[in-house]
Amino acid sequence: MQVLCCEDDFECWRDQARQLLRQDIAPHAVVWEDRDHRQLFASEPLPASTPRAGPTAQATRIPARLLDELKRAAQYRVSGRWNLLYRVLWRVAMGERQAMLAGDPDGSELQRRIKSVSREAHHLHAFVRFHPVMGRGGLDYVAWHEPAHDILASASLHFAERLGRQRWLIVSSRDAVCYDGQALHHRQPCPADWAALAESVRDNADPLWQTYYSSIFNPARLNPKVMQGHMPLRFWAGLPEGRLIPTLLSRARAGAQKDGQAEAVANKSGKVIRSAAYAKGDSLAGLKPDAKRPG
Amino acid sequence: MELIDKLTVLADAAKYDASCASSGAPKRSSKGKDGIGATNGMGICHSYTPDGRCVSLLKILLTNFCLYDCQYCVNRRSSDVPRARFTPEEVIKLTLDFYQRNYVSGLFLSSGIIQSPDYTMEQLIRVAKVLREEHQFRGYIHLKTIPEADPALIAEAGRYADRLSVNIELPSPESLIRLAPEKQVSSITGAMGTIETASQESRADRRAPKFAPGGQSTQMIVGADASDDSRILHTAEALYGEYRLRRVYYSAFSPIPNSPASVPMQAPPLLREHRLYQADFLLRGYGFKVKELIGAQGNLPLDIDPKLAWALANRDIFPVDLNLAEPQLIARIPGIGVRSAERIVSLRRLKRIRFEDVARLRCVIEKAKPFIITSDYHPPQATLESSVLRRQLSDQPAQMALWG
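Residues numbered from 1 in each chain as written. Chains lettered and ligands numbered in written order. Predicted model: local features only at pLDDT ≥ 70, side-chain atom pairs only at ≥ 80, totals over all residues.

What to know about the overall build of chain A
How we decide: Secondary structure is summarised from DSSP: a helix means a run of H or I of at least four residues, a strand means a run of E of at least two, and numbering begins at the N terminus for each. Residues are treated as contacting if the C-beta atoms built from their backbones sit within 7 Å of each other.
Assigned secondary structure in chain A consists of 13 helices and seven strands. When contacts within chain A are restricted to residue pairs at least 6 apart in sequence, those whose partners lie at least 24 apart make up 65%.

Quick word on the interface of chain B and chain A
Threshold: Residues are grouped as follows: nonpolar covers Ala, Val, Leu, Ile, Met, Phe, Trp, Tyr, Cys and Pro; charged covers Asp, Glu, Lys and Arg; every other residue, Gly included, is treated as polar.
At the interface, 68 residues of chain B touch 69 residues of chain A. Breaking the side of chain B that touches chain A down by element, the ones donating at least two residues are helix 1 (3–12), strand 1 (47–48), helix 2 (88–100), helix 12 (338–348) and helix 13 (355–360) of chain B. For the side of chain B that touches chain A, the element with the most residues is helix 1 of chain B, which contributes six residues. For the side of chain B that touches chain A, the class distribution of residues is 33 nonpolar, 19 polar and 16 charged.

Overview of the environment of Ser394(B)
Residues and elements named next belong to chain B. Assignment of secondary structure puts Ser394 in the loop between helix 15 (386–393) and helix 16 (396–399). Here the alpha-carbon distance between Ser394 and Val222, two residues 172 residues apart in the chain, equals 23 Å. Beyond its immediate stretch of four places on either side in the chain, Ser394 contacts Asp303 and Ile304.

With respect to the nonpolar core
One broad trend across soluble globular proteins is that nonpolar side chains are buried collectively. Under the convention used in this document: Residues of type Ala, Val, Leu, Ile, Met, Phe, Trp, Tyr and Cys that are buried and joined through C-beta atoms within 7 Å form what is called a nonpolar core. Here the C-beta atoms are placed from the backbone, and a residue counts as buried if at least 20 other C-beta atoms lie within 10 Å of its own, exposed if 12 or fewer do, and partly exposed otherwise.
Val142(A), Trp168(A), Leu169(A), Leu10(B), Ala128(B) and Ala157(B) are the most contacted members of the largest nonpolar core, which has 191 residues in total. In this structure, Trp168(A) is in contact with Phe130(A), Leu139(A), Asp140(A), Tyr141(A), Val142(A), Phe159(A), Leu163(A) and Tyr179(A), ignoring residues within four places of it in sequence.

Quick notes on the sheet that holds strand 7 (residues 216–222) of chain B
Residue and element names in this part refer to chain B. The line we're drawing: Pairing between two strands is assigned when DSSP locates at least 2 bridges connecting them. Note on geometry: axes are C-alpha line fits, over the in-contact stretch for helices, and angles between N-to-C directions span 0 to 180 degrees.
In space, the six strands of this open sheet follow the order 3-4-5-6-7-8, with parallel pairing throughout. Each edge of the sheet is formed by a strand with only one pairing partner; in this case those strands are strand 3 (58–61) and strand 8 (247–252). The mean inter-strand angle of the sheet, taken between neighbouring strand axes irrespective of direction, is 20°. Two strands pair when backbone bridges link them, and strand 4 (residues 106–110) and strand 5 (residues 140–144) are joined in this way by four bridges, in the parallel orientation. By the bridge assignment, Gly106 is partnered in strand 5 with Tyr140.

Quick notes on the pairing of strand 7 of chain B
Residues and elements named next belong to chain B. Keep this limit in mind: Handedness of a crossover: with both strands directed away from the viewer, a clockwise path from the first strand across the helix to the second marks it as right-handed.
Here strand 7 lies mainly inside the structure; seven of its seven residues are buried. The alternating pattern of strand 7 places Gln216, Thr218, Met220 and Val222 on one face and Ser217, Gln219 and Ile221 on the opposite face, and all of these are buried. Read from strand 7 through helix 7 (residues 229–243) to strand 8, the crossover connection turns out right-handed.

Following this line, the structure appears as structure tokens:
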């Protein structure tokens, strides 16, 4: 049994896997250790040996789609993540194409990991909350976000498309990405000054956004299960609106879900628009309603 | 009035529009450019409110002052609600700020009718125009179209907006006459026609400026009048066919404060709304026709979903052999979606489909079981009567969750 470690780096794993394939080493004869839980005896460098003349020796070309899928599945954080990848690679190289499809036991696990990774990228795009920092640290916006998988480096360019030339920073407890207006920089671990900057803004409230969130919610349609299904609890602490949810829920329940109006609106005084001209059926264009200006 | 107070009133006034989609726009990016904003066709839900709805756009009214007296609307002129009006500049500032903080992917702007339909439409257009031209905003813009406005204004709106929408409001012309005295079906469908014609012209000529590339949508209020689901779905099907609508939204009528006697007072019919969305999805994504899902009159069953209801009414087609059937038919099996059907078809090119293969795909296997044959499985329920099967498969208990 060979024990390897690839520092949780896909390129490193790929070189190792390529060499193993050439040497015709089956998945059960090799195991990758996680970077964070390395055993003392692990990670002997691979012996540079001559390829054996096994069935895979001449045909180590694998479909480009598989390589792409392995790369994406590699971002899934789980203990022993590299072992499944080699098993799938090995089986496809041996001609078992279904090893990468969802109907196969290995393939379904591979696809499940890919789906989780892309869902986590989607969560990043949805739930990052940028706080303006007005040029502090040479940046315009700073966010703290805690993804469950290693997606920060691969999924963050999305924000360069959204924010044009603006400079921003996203920090997690494991790594960070910074866009300087021209290029994206990934750092692992996150530099201390970046972490401090993100820490200083992460709990900032935003009254306008919190007001919008409370007002756009319809208390007569309370459905917390669906909300939580789409917006997992683990993100709430990072969202300015997350802190409002318990209060909004209990108020909606106490109000017996009568109608859709927000409490803050119900407490204001109302205004019926009386328009004699309109009631008589005059043309709308000539009309000057008494309530035209903001009240 | 402070900006924050206006936002309190004008977001509350906008919540009855169900749509918050930011999908269907062409790919745009601000990377390395002045200005901000991107779209990629997919849309993003940036948050969810405790009613389970997605927040994708800043959805507000420019003003909730309104000359109309639509009975189902909280902003009708006879309603005693607080009133407010944003300036276009305030809306622009809010949009850019919310966008940059990553709260939203764009703006959905609607308005009460003030002064005149043309004046109101001009105000909406002004916001979109300044966002696009002065701020080089490339995010999503959805503008509500005032049906009675000049067609030239509707055409102008489509040059700045990704999506336009005109609400059909109620499923039948009679209900519209009764509940929305100032509105007419002819002006609503007329505006839809204006949008569709302009859209066709823009698509036909590649050099022509883009016109509302995200298409148009509409909304029907469910439960404010006595229309049944058959009526609602037939209206939707006609609209999809005639005006190439991207989406029909069904909005369960939510009781409003100071509700007039002409509309109901009960809690919104959420499960009914859910079934209508399921049926609508079958129309758009699965090639079903309304007449396959529902008779000329009546409502969709609440205890089972419309696809299961269709399967139970067509037992002669089932069970379907997954190793032989056409992909379209596989997608019609309850519990198996279009995506899973595709996966079954690509897997069966490599091997015979077994029951465990189906279980491994993301299918609702309990629902699919009575309707499928695999190389190692034949459903024992194949001869069971539909009514018995229905009792077994009914999802009544699970649906209680809808009422939180």
